[in-house]
Amino acid sequence: MAENFMLDKEMLARFAARATEYDRENRFCQEDFDELKDAGYLLMGVPEKLGGYGMNLAQVAEQTRKLAYYAPATALCINMHNYWVGLAADLSRSGDKSIDWLLEDAANGEVFAAGHGESGNDLPVLLSTTQAKRVDNGYQFTGRKSFGSLTPVWTRLGLHGVDTSDPDNPRIVHAFMKRDDDGYEIKETWDVMGMRATGSDDTILNGVFIPDSRIARIVPAGAAGLDQFVLGIFAWALINFGNIYYSLAKRALDITIESVQKKPSVGLLNGMSHHPDVQHGVAEMTMMLEGIAPQLNEVARDWSEGVDHGPGWGLKIIAAKYNAVETGWKVVDRAMDISGGFGMFRKSELERLFRDARAGRFHPANSALSHEFIGKGMLGINPDDQPRWG
């Protein structure tokens, strides 16, 4: 495919129209997903030689941001597929062909999801509560994965577990389970406050066997396991988390401006847009948003161009996601203030965006982990040192 994938206005308008319905019914965005898959959105990162668009992180981020403005939950769940594909393509371009099979699967229509969320694990991807037991020709995985976006449609689940056969040297095993594998079950748990259309149910692994051919990486537990595969997970996932919540906040600002420009006031001759606190609030929201996009763009561009930030890559990725999500939340919260009460009503789009925006602060790396990793990194403290605190 010679040209990059582009979302068209008619398609985006349909997604926007369905977003409220999905949220109200707590229903997976099936129609959005089907339309995007048919249009080639899931092939953005697939190399051209396999029939994809060959787009890099910066290019995929642009389309993710565009989609999220109209349908943030749809953009969020399909980001889980795109980050696996983008990561595999990056590795292949660098000369590491070890998971080229993933690109071939994606080109053939397989849908990838992420099995990284675990209760009781505050170091996602780097540690695990799931057990990975070495057996003949592969591993057996036992544990429970949560926040499994795309549950209704995934055909490949990228997951990880810990191999503790050597207690002094635990290893994290990254693997891909097929939908038709035996030894797992799905629990419909997704009844939540925000991002309700993502279909993020739990997957319970009951000793599911995954052969060596679908073991993507075996790395040391903790930050010591941050090779290009693991770092790539964070780059593709977190940068686009940031883009999604940036776009959501931008939408909240635009709704606010449109609303106050039409809103009359018995105490003001020229309407609410002439109220000084409204003007101050809109200016505040605008200035906060102005700082998000350039940081996201720079990190995505540097990653795509192979800029060598060395150990600083983790800091840059985490900081970009953190600033986007936290600032986006403040913008949406300010929009609710300015709405004057209408934002509380279910029929208000702002009410849904407010709930969706809160979900961003749960995504890894959350506030606690972001501060820990960046603080320790800047102070020269190995994040794997024990005790962890003190």
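Use the structure listed above.
Residues numbered from 1 in each chain as written. Predicted model: local features only at pLDDT ≥ 70, side-chain atom pairs only at ≥ 80, totals over all residues. Heavy atoms only, no water.

Draft legend 1. Expanded view of the layout of surface pockets. In this structure, the largest pocket occupies an estimated 790 Å³ of space. Together, 35 residues line the largest pocket, and Gly117, Phe147, Phe362, His363 and Pro364 are the ones closest to its centre. Counting residues per element, the lining of the largest pocket draws most heavily on helix α6 (residues 228-262), which supplies five residues. Taken together, the residues of the lining of the largest pocket break down into 20 nonpolar, 12 polar and three charged. In this structure, the second largest pocket occupies an estimated 540 Å³ of space. Lining the second largest pocket are 27 residues, and of these Leu226, Pro311, Gly314, Phe373 and Pro383 lie nearest its centre. (1 Å grid on protein atoms, 1.4 Å probe; cavity = no way out; pocket = protein on both sides within 12 Å on 5 of 7 lines; lining within 4 Å. Points joined across faces, edges and corners; volume = space filled by probe spheres on them. Helix = DSSP H or I, 4+ residues; strand = E, 2+ residues; numbered from the N terminus. Nonpolar A, V, L, I, M, F, W, Y, C, P; charged D, E, K, R; others polar.)

Draft legend 2. Main features of unusual backbone geometry. Ala365 follows Pro364 through a cis peptide bond whose omega is -5 degrees. Here Ala365 is to be found in the loop between α10 (349-359) and α11 (367-378). Backbone torsion omega between Gln386 and Pro387 reads -5 degrees, so that peptide bond is classified as cis. Its place among the elements puts Pro387 in the segment after α11. Here the phi dihedral of Val125 falls at roughly 75 degrees; this positive angle occurs in a residue that is not glycine. Of note, the phi angle at Phe147 is positive, near 55 degrees, even though the residue is not glycine. Locating Phe147 in the fold gives a position in strand β3 (residues 138-148). We classify Phe147 as exposed; its relative accessible area is 54%. (Buried < 20%, exposed > 50% of the residue type's maximum accessible area, 1.4 Å probe, protein only.)

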